[in-house]
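Breakdown of the fold
So the chains spell out like this:
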Amino acid sequence: MANYLLVESRDPYQFTDAEAFYQIAADLAKAGNAVTVYLVQNGVLPARRGAKNGQVATLAATPSITVLADDFSLRERAISANNLESGVSASTVDDLVDLLVQPGTKAIWH
Amino acid sequence: MTTSQEKTLTVALMDPPYESEASTTALRIIDAALRKGISVNVFAYEGAVNLTMKGQAAHPNPVKGTSAEEQDHPTTARFISGLFGMSGEAAKLDWAVCGLCADERGAGDWIEGPRRGSPGDFYKFTQESVNTLIIGAR
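Summarised in this report is the structure supplied together with it.

About the criteria used
Residues numbered from 1 in each chain as written. Chains lettered and ligands numbered in written order. Predicted model: local features only at pLDDT ≥ 70, side-chain atom pairs only at ≥ 80, totals over all residues. Heavy atoms only, no water. Helix = DSSP H or I, 4+ residues; strand = E, 2+ residues; numbered from the N terminus. Rg over C-alpha atoms; globule rule 2.2 N^0.38 Å. Contact = heavy atoms within 4.5 Å. Areas by Shrake-Rupley, 256 points an atom, 1.4 Å probe, with all protein chains shown as cover. Salt bridge = Lys/Arg side-chain N within 4 Å of Asp/Glu carboxyl O. Buried < 20%, exposed > 50% of the residue type's maximum accessible area, 1.4 Å probe, protein only. Pairing = 2+ DSSP bridges. Axes fitted to C-alpha atoms, helices over the stretch in contact; angles between N-to-C directions. Parallel < 35°, antiparallel > 145°, perpendicular 65-115°, else oblique. Left-handed = near helix turned anticlockwise from the far one by under 90°. Nonpolar A, V, L, I, M, F, W, Y, C, P; charged D, E, K, R; others polar.

**Re the overall build of chain A**
Looking only at helices and strands, chain A features four helices and five strands. Reading the secondary structure of chain A in the N-to-C direction produces β-α-β-α-β-α-β-α-β. Relative to the compact-globule value of 13 Å for 110 residues, chain A shows a C-alpha radius of gyration of 13 Å, a close match. Taken along the three principal axes of its C-alpha coordinates, chain A extends 35 × 25 × 25 Å. For chain A, restricting intrachain contacts to residue pairs at least 6 apart in sequence, the fraction spanning at least 24 positions comes to 73%. Total accessible area computed for chain A in this model is approximately 5,000 Å², and 50% of it derives from carbon and sulfur atoms.

Shown next, in the form of C-alpha cells:
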C-alpha cells in the first residue's frame, strides 16, 4: 500500500481528461492505496455542491480517498467552503506542502 | 532517507509567465514550503525560463486610465525575487534554469538568484528531495 497525492488543477467541463484522473484515484484506492485528491485552480469547480458532475462527490464518499479543495482557489471563484459537496473539505497550500513532504508519498500533478 | 532529503522539495515548472494559473500556484507552494523551513529546488524549463527575466515590466491599464504604478501588477520576476529574499540557512531556494531552453528563447538575462542548469540538475534535485512535483504545460 502506498500514499498517493493527486493534484487536479483542471475542471471536467473544459478538460475531459479530468475524469480520467478521477478514475485513476478511484482505481488506486480500489487497489488498496491511500489516496488524497487535492483540487486546485479550476479543479475546485466540480466540488461545489450541486455541480453537474457527480464524480468528485463519489470520490469523496470513498473511505480510502480524501478530497481537499484549495481555499485560495475557492475564494477566487466565490465558492464558499460551506457550499462544497459532502465529504470535500477546504484546505490550504500549507496542507498541500505538508502532504508533499510526507516520506513515501507519490505526487502527481494534472 | 537523510534529514536534508526530508526537508527538500523539488518542483519542475514548464509554463511561461502570464499563461497559466499553474505558475501562481507553484509560487504559492514554494512560498509555503520556504516559510515552513523546507528547502526548494526548482527546475524551470521550456517557457518557464522566462519567469525570471529581469526586464519584465508592469503596464498601465488604458481602458481604466490607470498608470502602471496604480495598477501595481505583480510580475513573476518580482514574485521570485521575493522568494529568493526568503532563502537562507533554514530553507534554501535553488532555482536552475534550463540553459538550452533559455538560449532558444534568448532568455538569459535573469534577476539575481537563478542559475543556469540542465536536465542533469533536475535528476540531482530529485535524488536529494523527499518529493518532486512536475507541473507540466497543457
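Back to the write-up after that little detour.
**Remarks on the pattern of salt bridges**
Applying the stated criterion across every chain yields a total of 14 salt bridges over all chains. Of the charged contacts, one joins B:Arg78 and B:Asp72 as a salt bridge, the two residues approaching to 3.4 Å between their closest N and O atoms. We classify B:Arg78 as partly exposed; its relative accessible area is 48%. The partly exposed category is assigned to B:Asp72, whose relative accessible area is 45%. Taken together, the salt bridges that share partners define one network made up of A:Glu76, A:Arg77 and B:Glu21.

**Considerations on the sheet that holds strand S5 (residues 131–135) of chain B**
All names here are of chain B. Read from one edge of the open sheet, five strands run S4-S3-S2-S1-S5, paired in parallel fashion. On the outer flanks of this sheet lie strand S4 (115–117) and S5, each paired with one strand and no other. The average angle at which neighbouring strand axes cross in this sheet is 25 degrees, direction not considered. In terms of strand pairing, strand S1 (residues 8–13) meets strand S2 (residues 39–44) through six bridges, oriented parallel. Each bridged residue has a counterpart across the sheet, and for Ala12 the counterpart in S2 is Phe43.

**Section: the packing of helix H2 (residues 21–35) of chain B against helix H4 (residues 76–86) of chain B**
Residue and element names in this part refer to chain B. Look at H2 against H4: their axes get within 10 Å of each other, and the N-to-C directions meet at 15 degrees. By the criterion of interaxial angle, the relationship of H2 to H4 is roughly parallel. The handedness of the crossing between H2 and H4 is left-handed. Along the contact surface, H2 presents Leu27, Ile30, Asp31, Leu34 and Arg35, while H4 presents Phe79, Ile80, Leu83 and Met86. Counted by class, the contact of H2 with H4 contains seven nonpolar, no polar and two charged residues.

**Quick notes on the sheet that holds strand S2 (residues 34–39) of chain A**
Residues and elements named next belong to chain A. On the basis of which strands lie adjacent, the open sheet formed by five strands has the order S4-S3-S2-S1-S5 and parallel pairing. In this open sheet, the two strands that pair with only one neighbour each are strand S4 (88–91) and strand S5 (105–109). Between one strand axis and the next, the sheet turns by 25 degrees as a mean value, whatever way the strands run. Relative to S4, strand S3 (residues 65–70) runs parallel, the two being bridged by four bridges. Along S4, the bridge assignment pairs Leu68 with Ser89. Along the sheet face, helix H4 (residues 93–100) touches strand S1 (3–8), S2, S3, S4 and S5 and points at about 145 degrees away from the line of S1.

**A few points about the side chain of B:Thr8**
With respect to the secondary-structure elements, B:Thr8 resides in strand S1. Here B:Thr8 is in contact with B:Ile38, B:Ser39, B:Asn41, B:Glu128, B:Ser129, B:Val130 and B:Asn131, once residues within four sequence places are set aside.

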